[in-house]
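So you can see what is in the structure, the chains are spelled out below.
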Amino acid sequence: MRHFFLGLAPPDVKRGRQAGNKSPLGIPTHHSNHSSLASLRYTYEDGKKTADWLLANTKHRPKVAIICGSGLGGLADLLKDQVVFEYTKIPQFPHSTVAGHAGKLVFGNLSGKPTVVMQGRFHMYEGYPLWKVTFPVRVFSLLGVETLIVTNAAGGLNPEYKVGDIMVIRDHINMPGFAGVNPLVGPNDERFGARFPAMSDAYDRDLRKLAHTVASEMGCSGSLREGVYCSLGGPNYETIAECRFLQRLGADSVGMSTVPEVIVARHCGMRVFGFSLITNKAVLDYETKEKANHAEVLETSRQSARVLEKLVSLMVQRIERNNNVA
Ligand SMILES: O=P(O)(O)O[C@@H]1C[C@H](O)[C@@H](CO)O1
Ligand SMILES: Nc1nc2[nH]cnc2c(=O)[nH]1
């Protein structure tokens, strides 16, 4: 295993056409108007610079990328012939700030397939704008990744779901998107994708089918669900009224991530598959004393991670080049 501690100070993010004061996360603290905010983003060239740096520092050429949810980073340990980069050492990469997100990018072979795994993702509630949250996905696309697998820890809204169940994501509800909070807001660079991408087929049908096949071969189809994931901004967990509202909207699980990554991946033509691990039941009853908390989320992830890891690695084994499933 090789670790990179090259001591490179991450170069400054492009600030569009605007200079200004910045917070420690590189987020501007003063904006003159909305349009200067919209032009503040990584450019295609920024993504290329980071991708080229990674390609120069590893011989791996991944076709599959996996983003690990809270407490689910153990998946990266299954990779053979690892090359590990700390996020803090990768030019322009944001840094992880949440417990259960190690902040490492791991390249290697998973089930014999060249794969890159994010041990830790970025969330809007950490103070990152969505163009930063989703930067790694564009870097993956520039690395040549064709398939993105996302995992997350989520609250179960569907009354049938139990803690420890794994939900194949069939579809999502982008709650912040209803208010215009979307990673694709701002000038569109056609080199990544079209101005108005469709999202009706965001989660690949063949990969969803494959997940059910693999789960039944593993003998765990009883705890495999399929449903709709709803993403909120966080960081607070939901009120009871919000949980009831989301249930009525048709959401089966609720979390604080994933959707921006999926939107950006679909925008640049990647095939997407996702799992929610149901780490806690959403609180729907005013009489209960139960409350969601991150320690419980991490503990459930720890207990159920092995099954999810096996599911993912068996699925990767069957993903062929050019988006086929073996
Ligand atoms: O990164 P994910 O979506 O797995 O993490 C979830 C959402 C919050 O970050 C955290 C709350 O417990 O878990
Ligand atoms: N928003 C939200 N995110 C979660 N992540 C894990 N559990 C939950 C939850 O109940 N709500």
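Right above here is the structure, for reference.
Residues numbered from 1 in each chain as written. Chains lettered and ligands numbered in written order. Predicted model: local features only at pLDDT ≥ 70, side-chain atom pairs only at ≥ 80, totals over all residues. Heavy atoms only, no water.

Attention now moves to the overall build of the protein chain. Counting its regular elements, the protein chain contains nine helices and 10 strands. Counting the 326 residues in the protein chain, one finds 53% classified as buried. Across the protein chain, contacts joining residues at least 24 apart in sequence account for 80% of those joining residues at least 6 apart. Surface exposure of the protein chain reaches about 14,200 Å², of which carbon and sulfur atoms provide 52%. (Helix = DSSP H or I, 4+ residues; strand = E, 2+ residues; numbered from the N terminus. Buried < 20%, exposed > 50% of the residue type's maximum accessible area, 1.4 Å probe, protein only. Contact = heavy atoms within 4.5 Å. Areas by Shrake-Rupley, 256 points an atom, 1.4 Å probe, with all protein chains shown as cover.)

On to the site of ligand 1. With respect to spatial proximity, 13 residues lie near ligand 1, and among them His123, Tyr125, Tyr237, Ser257 and His294 are the closest. Tyr237 places a side-chain nitrogen or oxygen 2.6 Å from an oxygen atom of ligand 1. Contact distances for ligand 1 include 2.5 Å between an oxygen atom and a side-chain N or O atom of Ser257. Out of a free accessible area of 340 Å², ligand 1 has 96% covered by protein chains. Only β6 (147-156) and α9 (294-318) provide two or more residues apiece to the shell around ligand 1. Of the residues contributing to the shell around ligand 1, the split by class is five nonpolar, seven polar and one charged. (Near = heavy atom within 4 Å. Polar contact = N/O pair within 3.5 Å; in protein donor to acceptor, adjacent residues only side chain to side chain. Nonpolar A, V, L, I, M, F, W, Y, C, P; charged D, E, K, R; others polar.)

This part takes up the site of ligand 2. Every residue near ligand 2 is listed here: Ala153, Ala154, Gly155, Tyr237, Glu238, Val254, Gly255, Met256, Thr279, Asn280 and Val297. In the environment of ligand 2, a nitrogen atom lies 3.3 Å from a nitrogen or oxygen atom belonging to the backbone of Gly155. Glu238 has a polar side-chain atom sitting 2.5 Å from a nitrogen atom of ligand 2. For ligand 2, the accessible surface in isolation is 280 Å², of which the surrounding protein chains cover 94%. Looking at the shell around ligand 2, the elements with two or more residues in it are β6, β9 (253-255) and β10 (271-281). Ranked by residue count, the leading element in the shell around ligand 2 is β6, at three residues. The class makeup of the residues in the shell around ligand 2 is six nonpolar, four polar and one charged.

This part is about the pattern of salt bridges. For the structure on display, the rule yields 13 salt bridges. Note that Arg271 is salt-bridged to Asp204, the shortest N-O span being 3.2 Å. Of this pair, Arg271 sits in strand β10 while Asp204 sits in the loop between α5 (175-178) and α6 (205-218); the two residues are 67 residues apart in sequence, bridging distant segments of the chain. On the basis of relative accessible area, Arg271 is assigned to the buried category, the value being 5%. Of the charged contacts, one joins Arg302 and Glu299 as a salt bridge, the two residues approaching to 2.8 Å between their closest N and O atoms. Remark: Glu299 and Arg302 occur in helix α9; sequence separation between them is three residues, near one turn of the helix. Taken together, the salt bridges that share partners define one network made up of Glu45, Asp189 and Arg191. (Salt bridge = Lys/Arg side-chain N within 4 Å of Asp/Glu carboxyl O.)

Okay, the pairing of strand β2 (residues 64-67) next. With burial as the criterion, each face of β2 is covered, one bearing Val64 and Ile66 and the other bearing Ala65 and Ile67. As defined by bridge partners, β2 adjoins strand β5 (residues 113-119) across four bridges and the pair is classed as parallel. Residue Val64 lies in a different strand from β5, and its bridge partner there is Thr115. Where β2 and β6 come together, four bridges link them in parallel fashion. Paired with Ile66 across the two strands is Ile149, which belongs to β6. (Pairing = 2+ DSSP bridges.)

In terms of nonpolar packing, the biggest core is built from 46 residues, with Leu54, Leu105, Phe140 and Leu148 touching the most fellow members. In contact with Leu105, not counting residues within four places along its chain, are Leu54, Val83, Val84, Phe85, Tyr87, Ile90, Phe93, Val116, Val117, Met118 and Phe140. In this structure, Val64, Ile149, Val168 and Leu207 belong to the second largest nonpolar core, which totals 31 residues. (Core = buried A, V, L, I, M, F, W, Y, C linked by side-chain atoms within 4.5 Å.)

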